[in-house]
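Okay, here's what each chain looks like letter by letter:
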Amino acid sequence: MYEVSKVVKGEDISYKHPSAEFYKAIGGEEGMKELMYDFYDIIYESDIAHFFPQDEDEFEAVKEKNTKFFIQICGGPKVYESETGGMNLDEFMIRLHDDFSIYEKSRYEWLGCMEEALRKVKIDQAIKDNFWAYLESFSKLTVNTFSDGSVYYAKYNPSQ
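A few points on the structure. The model shown is predicted, which means the values in this text are computed figures rather than measured ones. (Residues numbered from 1 in each chain as written. Predicted model: local features only at pLDDT ≥ 70, side-chain atom pairs only at ≥ 80, totals over all residues. Heavy atoms only, no water.)

### A look at the overall build of the protein
No. 1: A tally of helices and strands in the protein yields six helices and zero strands.
No. 2: For the protein, the sequential pattern of α-helices and β-strands runs α-α-α-α-α-α.
No. 3: A compact globule built from 160 residues would reach a C-alpha radius of gyration of about 15 Å, and the protein, at 15 Å, matches this within 12%.
No. 4: Along the three orthogonal principal directions, the C-alpha set of the protein runs to about 40 × 40 × 35 Å.
No. 5: Classification of the 160 residues of the protein by burial places 46% in the buried group.
No. 6: Restricting to contacts in the protein with at least 6 residues of sequence separation, those with at least 24 account for 73%. (Helix = DSSP H or I, 4+ residues; strand = E, 2+ residues; numbered from the N terminus. Rg over C-alpha atoms; globule rule 2.2 N^0.38 Å. Buried < 20%, exposed > 50% of the residue type's maximum accessible area, 1.4 Å probe, protein only. Contact = heavy atoms within 4.5 Å.)

Take a look at the structure:
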């Protein structure tokens, strides 16, 4: 359904936040919760499940927290602000992933899980495409470990 471009170490990544149309079309907070909970349930059965807590209560907390991120990044209420410690939301999310060794293969798996969840969402395809464009680009900034054994942490560039 969607194409995924390769990550190039050190490449400047441009992205745009998803249109608020996505947040509205999906049904606001409740619709976003349905999408994200479905997505994380798919993740839990995937090859990248080890990145996430295996304790059910802890995993539920991750679902809730990450749903708030997507609500805010998609133009909904600022429900994730308290998590960032005053840091820019994008920069916070990039730095949050620095604690994990994320390979391009992990990014592909993550995007594949999201694609599976998005297929179930019955909204205009152009609106979904806009959301996907954000995910596909922004997710490159979370990859920090490369097949040659090197590590590179993406720099946050607020003009992106």
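### With respect to the pattern of salt bridges
No. 1: With the rule as written, the count across this model stands at ten salt bridges.
No. 2: As a salt-bridge pair, Glu-104 and Lys-6 come within 3.7 Å of each other at their nearest N and O atoms. Residue Glu-104 is found in helix H5 (residues 104–119), and its partner Lys-6 is found in the segment before helix H1 (20–26); the two are separated by 98 residues along the sequence.
No. 3: Glu-104 sits in the buried class, given a relative accessible area of 16%.
No. 4: A salt bridge links Lys-65 to Glu-83, with the nearest nitrogen and oxygen atoms 3.6 Å apart. (Salt bridge = Lys/Arg side-chain N within 4 Å of Asp/Glu carboxyl O.)

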